[in-house]
Amino acid sequence: MRLPFATLAISLAVLASPPAAVAMEDFVLEDEVALCSSCHGEDGIPIEPEYPIIWGQEYFYIYTQLRDYAAGRREHDLMTGIAAEYTRDQAKELAAYFAEKPWPAIPAQIEDGDYQLAEKGITGGQCSACHGKWQGDSRIPRIAGQQPAYLVQTMHDFKNDVRMNAPDLNSTMKQLDDPTIDALARYFTTIAVQ
Amino acid sequence: MIRGMTTAAFCVAASCLTGAASAQEETSSSTLYGDLQSVTQNMLTRAAGDGNNFLHTNGNYAQTRYYPASQINTGNVKNLRPAWIFQTEIVDTMETSPIVVNGIMYVTTAFNHVYALDARTGKQIWHHKHAMGPVTTYCCGPNNRGVAVSGDKLFMGTLDAKLVALDAKTGKQLWETQIAEAELGYSETMAPSVVDNMVLIGTNGGEYGIRGFVKAFDTETGELIWTFHTIPEDSVGVWATHDATGRDMHRDIDAEKAALAKMGDPYETLGGGVWQNPAVDLETRRIYFVVGNPSPDLDGSLRPGDNLYTDSLVAVDLDTGEYICHLQYIAHDVWDLDAVSPPIITTVADAEGNDVKGILHAGKTGHVYVHDAEDCSLIRFSEAMVPQEDMWTLPTAEGARMLPGANGGVEWSPMAIDPNLRLSYAINLHQPMTYTVRSTPYPEGKLWLGGSFDVIPDEEQWGNVTAVDYDTGGIAWQVRTAEPMIGGILATAGGLVFTGEGNGLFKAYDSSNGGELWRFQAGAGVNAPPSSYTVEGQQYIVVAAGGNAQLNFKRGNNIIAFTLAD
């Protein structure tokens, strides 16, 4: 049995360091999906704007992030503890489940001047060299149609050396100012998800 | 049967799949050498003189991209018009070199789709989609540069680091071989080369801490024949302090030696991808290729030594893969100004003015390097084709400006030559960048640049088409373009060079003086190398217009064939 989400969250919040990785012997996919959905949304729309959409995200990207949380390469108050309990195969099973789901639509949130600022940021950071048409592929995440508040937080986390599991992004994001980061995040809500 | 092989070839051309054979859809005999059914070694060997087919990614084994047909020429190119446009399923970055065999064209797209087309009409014959594995790791876009052809097979490298063989008549897969592990950063975007029943292919991955190689596989079985590691177990070299042009690279040799004593030779994760095809010299049974950057790109602190054979021209034995010679352009590169454009074999003047067999390579530094094929030594280097400023300023934590930017110079784009004019033709990029270093440990298959190279947004970018006299190193002519250039170029016996731009323009220039003679707006970035062919007496120029992921040029999905208006 898994702990109720609220209890789990409180328990994890007081942990000073991630727990040692322990294989979950009673792994039941439906239970774990329910746990994930309590934040990432029953219908694929996360309950908070700062949480990422994971429905339809790339399989290998989800798997890699779970492994990075478990190994301490990426940190989050909740995700670190949750991911630490999964074996590689369990993480793959969850990644495959969510990768198969349809990407949910969220409304575009563009403002005047966003396109110009975003294009400037994309050119400067050479973002398309890895992110292509923003649809994701394998270890590269889909960012088209992603929650803008999550993208803003992510870009700031790279810029401020909070998130360290894609080390070259720390340098790249330092070149972007806050208005450009905000514009980029809104711009990606306008890209059609394919 | 009287009709025998000829009928089979006609079926391939257009009609058997639909069962609607007609005389109009038949492809006539157009080959100079061999039969219609398959591509013989003789055809491949003599491709430089074949004005009907286009059998190699870069035209012929010497990789001259000089097409011997002259029906389309300086006098009539103004009448060039689209003959047909084929739209692929994939609207994304296109770098394919169309291959044409007896009126059948083979093109590839991003994510490893392959199409066979009737080269006269653009009609699809078959379409093959590679069953991509769940793990791919690649830079810089989901590109593919085309197929190699031999016998009745096609060969393609894939993003999930496989080599696949397809039946040229049906597109069905015959075999596949896992070349290397995709999760560790290996991938394939280059077109393979085929010679004497061997498929030759390198690897991407210099941005991910791979150990590079060129491998030879059996065309019939896919079994590995030999491997040449582009990174030897002793990668230290001679502690070169200056680059091949004689400029000080500001290395701290003492610090590097101390690091080497502490951490040992870094060869296992040192990079050294091979992005483009080797030039093949059947006379000496050698191949010549260039090796890309060391990993991590910008952080030299983790990889003391010259980082052999990164940033080098290398020659190995065609039959065994054994090392013959090399020349390193930049030892211990910390700018990613590496060697990617495929080398060319041609006759060049040596330092005394005597004709010798030479090798040309266009570097990301912006120079055309001219080598003696015998020992790889450098005969000369050309004037810089793009601005160079503050070379070699070391990357800093804050970011240091230096030109050229990290895309070059000349990127992976192949050059062409006109052996009669003794000119090489290159397309250039001018993209001012800052180089930032940030040391991080090997990330096990993730992007590992060791910092970043960032375009300076307020500085102007542009491109060039540049002709260099490779006997002197002087620039013969140069034409400015609005966008940085990436894709490739083709020269023809009609006195023309063809090349495209990121803004969709596809142009023909007079190869003797750079005068623009024709242009066409393709509607998406023309960032792929053009090819040419002749069917039923009609010469065509063909190019892909699919844009480019690396430079974010407008994507598309068009293969456009041009011929002279009636």
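Residues numbered from 1 in each chain as written. Chains lettered and ligands numbered in written order. Predicted model: local features only at pLDDT ≥ 70, side-chain atom pairs only at ≥ 80, totals over all residues. Heavy atoms only, no water.

Under an unreviewed UniProt entry, the name given to chain A is Cytochrome c domain-containing protein, and the source organism is Meridianimarinicoccus marinus. In the Subcellular location (unreviewed entry) part of its UniProt record, chain A is described as follows: "Periplasm". (UniProt positions renumbered as here; feature names shortened; annotations may be inferred.)

Draft legend 1. Representation of the overall build of chain A in the model. In terms of regular secondary structure, chain A is built from 10 helices and 0 strands. Ordered by position from N to C terminus, the α and β elements of chain A give α-α-α-α-α-α-α-α-α-α. Relative to its 194 residues, chain A shows a buried fraction of 55%. Residue pairs in contact within chain A that sit at least 24 positions apart in sequence constitute 71% of those at least 6 positions apart. Summing over all exposed atoms, chain A offers an accessible surface of approximately 9,000 Å²; the carbon and sulfur share of this is 56%. (Helix = DSSP H or I, 4+ residues; strand = E, 2+ residues; numbered from the N terminus. Buried < 20%, exposed > 50% of the residue type's maximum accessible area, 1.4 Å probe, protein only. Contact = heavy atoms within 4.5 Å. Areas by Shrake-Rupley, 256 points an atom, 1.4 Å probe, with all protein chains shown as cover.)

Draft legend 2. Geometry of the packing of aromatic side chains. Residues and elements named next belong to chain B. Per the counting criterion, the structure on display carries 27 aromatic pairs over all chains. Ring geometry for W477 and Y509: centres 6.3 Å apart, planes at 35°, overall tilted. Here Y509 lies in strand β32 (residues 505-510) and W477 lies in strand β29 (residues 474-481), a separation of 32 residues in the sequence. As far as the burial class goes, W477 and Y509 line up, both buried. An aromatic cluster is present here, built from F498, F506, W518, F520 and F562 joined pairwise through their rings. (Phe/Tyr/Trp six-rings, centres within 6.5 Å; stacked < 30°, edge-to-face > 60°.)

Draft legend 3. Here's a closer look at the interface of chain A and chain B. Counting residues at the interface gives 29 residues for chain A, matched by 35 residues for chain B. Buried area between chain A and chain B, both sides added, is near 2,600 Å², and the carbon and sulfur share of it is 46%. Looking only at chain A, the three residues that lose the most surface to chain B are Q126, R139 and D168 of chain A, adding up to 24% of its buried area. Of the charged contacts, one joins D68 of chain A and K446 of chain B as a salt bridge, the two residues approaching to 2.3 Å between their closest N and O atoms. The interface formed by chain A and chain B holds 22 residue pairs in polar contact (both at pLDDT 80 or more) in total. Within the residue set of the side of chain A that touches chain B, elements represented by two or more residues are α3 (59-71), α6 (114-125), α7 (128-131) and α9 (168-174) of chain A. Looking at the side of chain A that touches chain B, the element that brings in the most residues is α6 of chain A, giving 6 residues. (Buried area = accessible area lost by both parts, 1.4 Å probe. Salt bridge = Lys/Arg side-chain N within 4 Å of Asp/Glu carboxyl O. Polar contact = N/O pair within 3.5 Å; in protein donor to acceptor, adjacent residues only side chain to side chain.)

Draft legend 4. Region of the structure containing the state of the cysteines. Residues and elements named next belong to chain B. Counting across every chain of the model gives 2 disulfides over all chains. In this model, C139 is linked to C140 through a disulfide, with the two sulfur atoms separated by 1.9 Å. Its S-S torsion of about 50° marks the bond between C139 and C140 as right-handed, since a negative value means left-handed. Exposure remark for C139: the relative accessible area of 9% places this residue in the buried category. On the basis of relative accessible area, C140 is assigned to the buried category, the value being 13%. Here C325 pairs with C376 through a disulfide, and the sulfurs are 2.1 Å apart. (Disulfide = S-S within 2.5 Å.)

Draft legend 5. Focus on unusual backbone geometry. All names here are of chain B. In the segment running from C139 into C140, the intervening peptide bond is cis, with an omega of 15°. Topologically, C140 is positioned in the loop between β6 (124-129) and β7 (148-150). Residue W392 follows M391 across a cis peptide bond; omega there is -5°. Inspection of the secondary structure puts W392 in the loop between β22 (378-381) and β23 (400-402). The phi dihedral of Q63 falls on the positive side, at around 65°, and the residue is not glycine. Looking at the element boundaries, Q63 is found in the loop between α2 (41-45) and β1 (66-67). For Q63, a relative accessible area of 4% puts it in the buried group.

Draft legend 6. Expanded view of the packing of α6 of chain A against helix α10 (residues 178-188) of chain A. Residues and elements named next belong to chain A. Following both chains from N to C, one finds α6 and α10 inclined at 105°, their axes separated by 8 Å at the closest point. By the angle between their directions, the pair α6 and α10 is classed as roughly perpendicular. The segment α6 lies against α10, with D114, Y115, L117, A118, E119, G121 and I122 engaging P179, T180, A183, L184, R186 and Y187. Split by residue class, the contact of α6 with α10 holds 8 nonpolar, 2 polar and 3 charged. (Axes fitted to C-alpha atoms, helices over the stretch in contact; angles between N-to-C directions. Parallel < 35°, antiparallel > 145°, perpendicular 65-115°, else oblique. Nonpolar A, V, L, I, M, F, W, Y, C, P; charged D, E, K, R; others polar.)

Draft legend 7. Fine view of the sheet that holds strand β26 (residues 433-437) of chain B. Residue and element names in this part refer to chain B. The sheet built from 3 strands is open, its strands ordered β23-β26-β27 with antiparallel pairing. Each edge of the open sheet carries a strand with a single partner, namely β23 and β27 (451-455). On average, each strand axis in the sheet is inclined to that of its neighbour by 30°, with strand direction left out of account. The pairing of β23 with β26 spans 3 bridges and is antiparallel. The residue bridging R401 from the neighbouring strand is T434, located in β26. (Pairing = 2+ DSSP bridges.)

Draft legend 8. Inspection of the domain arrangement of chain A at higher detail. All names here are of chain A. One can read the domain layout of chain A as domain 1 (21-99) and domain 2 (114-189). Taking the mean C-alpha position of each, domain 1 and domain 2 sit 22 Å from one another. For the pair domain 1 and domain 2, the summed buried surface comes to about 1,400 Å²; carbon and sulfur atoms form 46% of the total. Linking domain 1 with domain 2 are 13 residue pairs in polar contact (both at pLDDT 80 or more). In terms of residue class, the side of domain 1 that touches domain 2 is made up of 7 nonpolar, 3 polar and 6 charged. (Domains from an automatic or database assignment.)

Draft legend 9. Structural detail: the sheet that holds strand β15 (residues 279-281) of chain B. Residues and elements named next belong to chain B. The 4 strands are arranged β15-β16-β17-β18 in an open sheet whose pairing can be described as antiparallel. Only two strands of the sheet have a single partner each, and these edge strands are β15 and β18 (323-328). Shown here is a sheet whose adjacent strand axes are inclined to one another by a mean of 20°, direction ignored. Inspection of the sheet shows β15 paired to strand β16 (residues 286-291) by 3 bridges, in the antiparallel sense. Of the residues in β16, the one forming a bridge with V280 is I287.

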